[in-house]
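# Chain and residue survey
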Amino acid sequence: MGGRLEFDMVRSLLFVGAASLLACESASTNTASNTGSGANLPPAVTERSLTLAGSSTVQPILESAAAAWEKTHPADTISVQGGGSGVGVSSATSGLADIGMVSRGLKPEESALTATAIARDGIAIIVHAANPLSAISYAQVVAIYGGTTTTWDTLGGSAGPITLISKEAGRSTLELFEHHFNLKGKIAPSAIIIGPNGQAITTTAGDPNAISYVSIGSAAVAESQGTPIKRLILDGVAASVEK
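Note that the structure is predicted; figures quoted are calculated from it, not measured.

Calculation rules
Residues numbered from 1 in each chain as written. Predicted model: local features only at pLDDT ≥ 70, side-chain atom pairs only at ≥ 80, totals over all residues. Heavy atoms only, no water. Helix = DSSP H or I, 4+ residues; strand = E, 2+ residues; numbered from the N terminus. Buried < 20%, exposed > 50% of the residue type's maximum accessible area, 1.4 Å probe, protein only. Contact = heavy atoms within 4.5 Å. Areas by Shrake-Rupley, 256 points an atom, 1.4 Å probe, with all protein chains shown as cover. Pairing = 2+ DSSP bridges. Core = buried A, V, L, I, M, F, W, Y, C linked by side-chain atoms within 4.5 Å. Phe/Tyr/Trp six-rings, centres within 6.5 Å; stacked < 30°, edge-to-face > 60°. Salt bridge = Lys/Arg side-chain N within 4 Å of Asp/Glu carboxyl O.

Bringing the overall build of the protein chain into the picture now. A count of helical and extended segments in the protein chain gives 7 helices and 12 strands. Per-residue burial for the protein chain yields a buried fraction of 43% across its 243 residues. Relative to all contacts within the protein chain whose residues are 6 or more apart in sequence, the contacts with residues 24 or more apart total 73%. Accessible surface, the protein chain: about 11800 Å² in total, of which carbon and sulfur atoms supply 56%.

To continue, consider the pairing of strand S6 (residues 115-128). Pairing of S6 with strand S10 (residues 210-215), which is carried by 5 bridges, proceeds in the antiparallel orientation. Bridge pairing in S10 places Ala 124 opposite Val 214. In the sheet, S6 pairs with strand S11 (residues 229-231) via 3 bridges, with the strands oriented antiparallel. Its bridge partner being in S11, Val 127 is matched across the sheet by Lys 230.

Further remarks concern the nonpolar core. Tyr 145, Phe 177 and Ile 211 are the most contacted members of the largest nonpolar core, which totals 25 residues. Elements supplying a minimum of two residues to this core: S6, helix H4 (138-145), helix H5 (172-180) and S10. In contact with Tyr 145, other than residues within four places in its own chain, are Leu 164, Ile 165, Ser 166, Phe 177, Leu 183, Lys 186, Ile 187, Ala 188, Ile 211, Ser 212 and Tyr 213. With 14 residues, the next largest nonpolar core counts Ile 126, Ala 200, Val 214 and Ala 219 among its residues.

This part covers the packing of aromatic side chains. Applying the stated criterion to the full structure yields 5 aromatic pairs. With centroids separated by 5.0 Å and ring planes inclined at 35°, the aromatic side chains of Tyr 138 and Phe 181 adopt a geometry described as tilted. Placement of Tyr 138 in helix H4 and of Phe 181 in the loop between H5 and strand S9 (192-194) is noted, with a sequence separation of 43 residues between them. The residues Tyr 138 and Phe 181 share a single accessibility class, namely buried. Ring geometry for Tyr 145 versus Tyr 213: centroids 5.7 Å apart, planes at 70°, classification edge-to-face. Pair noted here: Tyr 145 is in helix H4 and Tyr 213 is in strand S10, with a separation of 68 residues, a long-range link. Tyr 145 sits in the buried class, given a relative accessible area of 0%. Feature note: the residues Tyr 138, Tyr 145, Phe 177, Phe 181 and Tyr 213 constitute an aromatic cluster, connected by ring pairs.

So, on to the pattern of salt bridges. Per the stated rule, a full pass over the model turns up 6 salt bridges. The salt bridge involving Asp 76 is made with Arg 48; its shortest N-O contact spans 2.8 Å. Of the two residues, Asp 76 sits in strand S4 (residues 76-83) while Arg 48 sits in strand S3 (residues 45-54), which places them 28 residues apart along the sequence. Each member of the pair, Asp 76 as well as Arg 48, carries the same accessibility label: buried. Across the pair Arg 231 and Glu 223 runs a salt bridge whose closest N-O atoms are separated by 2.4 Å. Of the residues examined, Glu 223 reaches a relative accessible area of 26% and is grouped as partly exposed. Each of Arg 104, Lys 107, Glu 110 and Glu 175 takes part in a single network of salt bridges with overlapping partners.

Take the environment of Ile 194 next. Looking at where Ile 194 falls in the secondary structure, it is placed in strand S9. Residue Ile 194 is classed as buried on the basis of its relative accessible area of 6%. Setting aside its immediate chain neighbours within four residues, Ile 194 contacts Ile 165, Ser 166, Lys 167, Glu 168, Gln 199, Ala 200 and Thr 203.

Of note, Asn 182 is a non-glycine position whose phi angle comes to about 55°, a positive value. Topologically, Asn 182 is positioned in the loop between H5 and S9. Positioned with a positive phi, Asp 235 is a non-glycine residue whose angle comes to about 50°. Take Asp 235: it is sitting in the segment after strand S12 (233-234). For Asp 235, a relative accessible area of 30% puts it in the partly exposed group.

Listed below in C-alpha cells is the structure:
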C-alpha cells in the first residue's frame, strides 16, 4: 500500500484566488494635516487589509506569517480564519475572503480560481500516546471506521471500546481519507464529528480509546509540544514530515 499512500494521502496546501495584499488596500489613507505654511508633511500611511479563510491545516502557517508581517507593517491588518477547505473555496469565489486556503487540489468546477501551492502535507492516523498499538493496516482502518471492529483488544490493544473521531463535511482531510480508504458514505454513525485538526488532536489526547486522522504537520507539532498522541505506522509507512 506504500504507493497508494504516497499518491492518495499526500496533498498540496494551496492559496486560491487572485488577490494580493497590494490589491486589497482599504479606501482610507491617513495623512497628517499641514497646519503651517511650508511645513514638511510626513509620509502618507496607507491602511491595508487582507482576509484569508479556509483550511485548518494551512491556518497555523498563515497565522504565523500574518503576525510576522504585521510586526514590520503596523498599518496592515491581516485576518486569518478557518472553516475548512470548502470554506476557502467558497469564500474566495464569493469575495468574502481575498484569499482562500485549501489543502487539496482544485476540482474541475473550481477552475475559475487560481491556485498557488505553498507546501505539501499528508494525513496521519493518530491515537492516544498510551495506546499500545504502534502500527495499523489499511484493512484495519477500514474495519474500524466502517464499524466492523469496535474494540481495541481485537487489534492487540487493551480492552475497551474504540472512540471514532471523524471530520465534518467540507474538510479536505475527510475527502482524502474517504477516498484513500474507499469509505465515502460508509463511516460508522457512531463517529464523533469534529472540525479542525486541533480539535481532533485535543479530543484524541483526552481519550485513551480514541482514534482520528489529521494533518501530519499538525500531529508532529502537537507531539513535539508534549500532547499525548502518537502517529501510527500505516502498512509499514511512517506518517512523517520527512517523507
